[in-house]
Amino acid sequence: MRKLWGLLALLPVAACVPGQLPPGDPAGALGFAARPGEGQSLARQDPAVEIERLFPLGPDRRAAALARTGRNVIGVGYREYTGEERSVPVAWVSENEGRGAREIVLPQDRPGYWAPRAIAADGDQVLVAGALGADVRVWASGDAGATWTVSPVPVRSGDPWLSTVLRVDEKWLLAGGSSAGALVMTGGPGAWELVSLGEGRILGGTADKAGKAVLFGDRTEWNRSQTSNRSCAVVWASGGGWQRGELGCPAEGITTAVTLEDGRVLLASNRDLWVRPS
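The numbering scheme is per chain: residues are counted from 1 as the chain's sequence reads. Confidence filtering applies because this is a predicted model: local features only for residues at pLDDT of at least 70, side-chain atom pairs given and counted only at 80 or more, and all residues used for totals across whole chains, interfaces and linings. Side-chain metrics in this entry use all non-hydrogen atoms of the structure; hydrogen atoms and water are not considered.

Engineer: I'm lost on the overall build of the chain in this one. Help?
Structural biologist: Tallying secondary structure elements over the chain gives zero helices and 22 strands in all. Working definition: with a 1.4 Å probe on protein chains only, accessible area under 20% of the residue-type maximum means buried, over 50% means exposed, and in between means partly exposed. Counting over 278 residues, the chain shows a buried share of 48%. Partitioning the intrachain contacts of the chain with sequence separation of at least 6 by distance along the chain shows that 49% fall at a separation of at least 24. Surface accessibility in these figures is a Shrake-Rupley result with a 1.4 Å probe; residues are shielded only by whichever protein chains are displayed. Split by element, the accessible area of the chain, about 13500 Å² in all, is 49% carbon and sulfur. Secondary structure elements follow DSSP: runs of H or I of four or more residues count as helices, runs of E of two or more count as strands, with numbering from the N terminus. Contacts are assigned to residue pairs with any non-hydrogen atoms lying within 4.5 Å of each other.

Engineer: Honestly, the packing of aromatic side chains in this entry has me stumped. Any pointers?
Structural biologist: Aromatic ring pairs are defined here through the distance separating the ring centres and the angle between the ring planes. Each Phe, Tyr or Trp ring (for Trp, its six-membered ring) is paired with any other whose centre lies within 6.5 Å, and the angle between the two planes then decides the class: stacked below 30 degrees, edge-to-face above 60, tilted in between. For the structure shown, the criterion picks out zero aromatic pairs. The positively charged end of R167 is found above the aromatic ring belonging to W172, 4.8 Å away from the centroid. We call a charge positioned above a ring when the Lys NZ or Arg CZ atom is no farther than 6 Å from the ring centre and deviates by at most 35 degrees from the ring normal.

Engineer: What am I meant to see in unusual backbone geometry here?
Structural biologist: A negative phi angle is the norm for most residues apart from glycine, just as the trans form is the norm for most peptide bonds. One non-glycine residue with positive phi stands out, namely A144, at about 60°. On the secondary structure map, A144 appears in the loop between β10 (135–141) and β11 (149–153). Among the residues examined, A144 registers a relative accessible area of 0% and is labelled buried. The backbone of Q226 shows a phi angle near 60°, a positive value even though the residue is not glycine.

Engineer: Just checking my understanding: could you explain the sheet that holds strand β2 (residues 33–35) for this structure?
Structural biologist: Strand pairing in a sheet is mediated by backbone hydrogen bonds. Such pairs are either parallel or antiparallel. Note: two strands are recorded as paired if DSSP finds a minimum of 2 bridges between them. Taken in spatial order, the four strands line up as β2-β22-β21-β20 in an open sheet, and their pairing is antiparallel. For this open sheet the edge positions go to β2 and β20 (256–259), each flanked by a neighbour on one side alone. Within this sheet the neighbouring strands show an average axis-to-axis angle of 20°, counted without direction. For every element, the axis is a line fit to its C-alpha atoms; helices are fit only across the contacting stretch, and the angle between N-to-C directions ranges from 0 to 180 degrees.

Engineer: When you look at the pairing of strand β8 (residues 115–122) in this model, what are you seeing that I'm missing?
Structural biologist: One face of the sheet, then the other: side chains in a regular strand alternate in exactly this way. Pairing of β8 with strand β9 (residues 125–132) involves seven bridges; the strand directions are antiparallel. Residue pairing in the sheet places P116 in a bridge with G130 of β9. Counting the residues that bridge the hairpin from β8 to β9 gives two residues, and of these G123 lies at a positive phi of roughly 65°.

Engineer: Whenever I open this one, the sheet that holds β8 confuses me. Can you help?
Structural biologist: With respect to topology, four strands assemble into an open sheet ordered β8-β9-β10-β11, the strand pairing being antiparallel. Of all strands in the sheet, those with a lone pairing partner are β8 and β11, marking the two edges. Averaged over all neighbouring strand pairs, the angle between strand axes comes to 25°, with direction disregarded. Across seven bridges, the pairing between β9 and β10 is antiparallel. Across the sheet, A131 pairs through a bridge with V136, a residue of β10.

Now the structure itself:
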């Protein structure tokens, strides 16, 4: 029996605003072929999957993301304090195939509403990203979540937020958005390089078989009179510089990116599917 590990399925949904612009048909770009109506195939229940709750969360705790290290499963989120203007970032470390979970309060360099949003692991190296207003932070662990450090990420754009952490090209990658549009940072704690990717925001991504990043997100498209808009899907791919592709304006936004063992990369919404061959 195959076991599915998870805390919560928190998937960003890009909603279409009703108006004079009807949703467009899915399109393809950067090697992706659109398969309208096939997205639901990824959501079918596998009868051989056993779902196990790893971390019993209390009413004051919120889970955000999950990753598996070389020896542990780590979930991240935050703990709220009723009546207080703060929350603390928290990691839940589950050892021995999901047994022996423990809660660790992540270090903070100042109080506030800290809310980790994304996590990735490479062996026992772990990186978590989150933000407090205009301040972006990463928490790093080199021992599978046993100990952590916190460090700032310099972001010059206003209102930054992060959705994605990946390990690509032997570097960490942070992605998300700001008032200036989609943004990506590569490097590591204390040494980040910022790249602006133009209009839109990045909502998730995956590393392909070659270790390059494939990111998805959306942008807002207005009609000529600026009275209604719709959400259009965008894909970015690294390798020899960043490339950007438009995937049309589907009725439902992309929520998932995955790289299969055979090297194919899939992007999926609850309705549609985009496939890039290996």
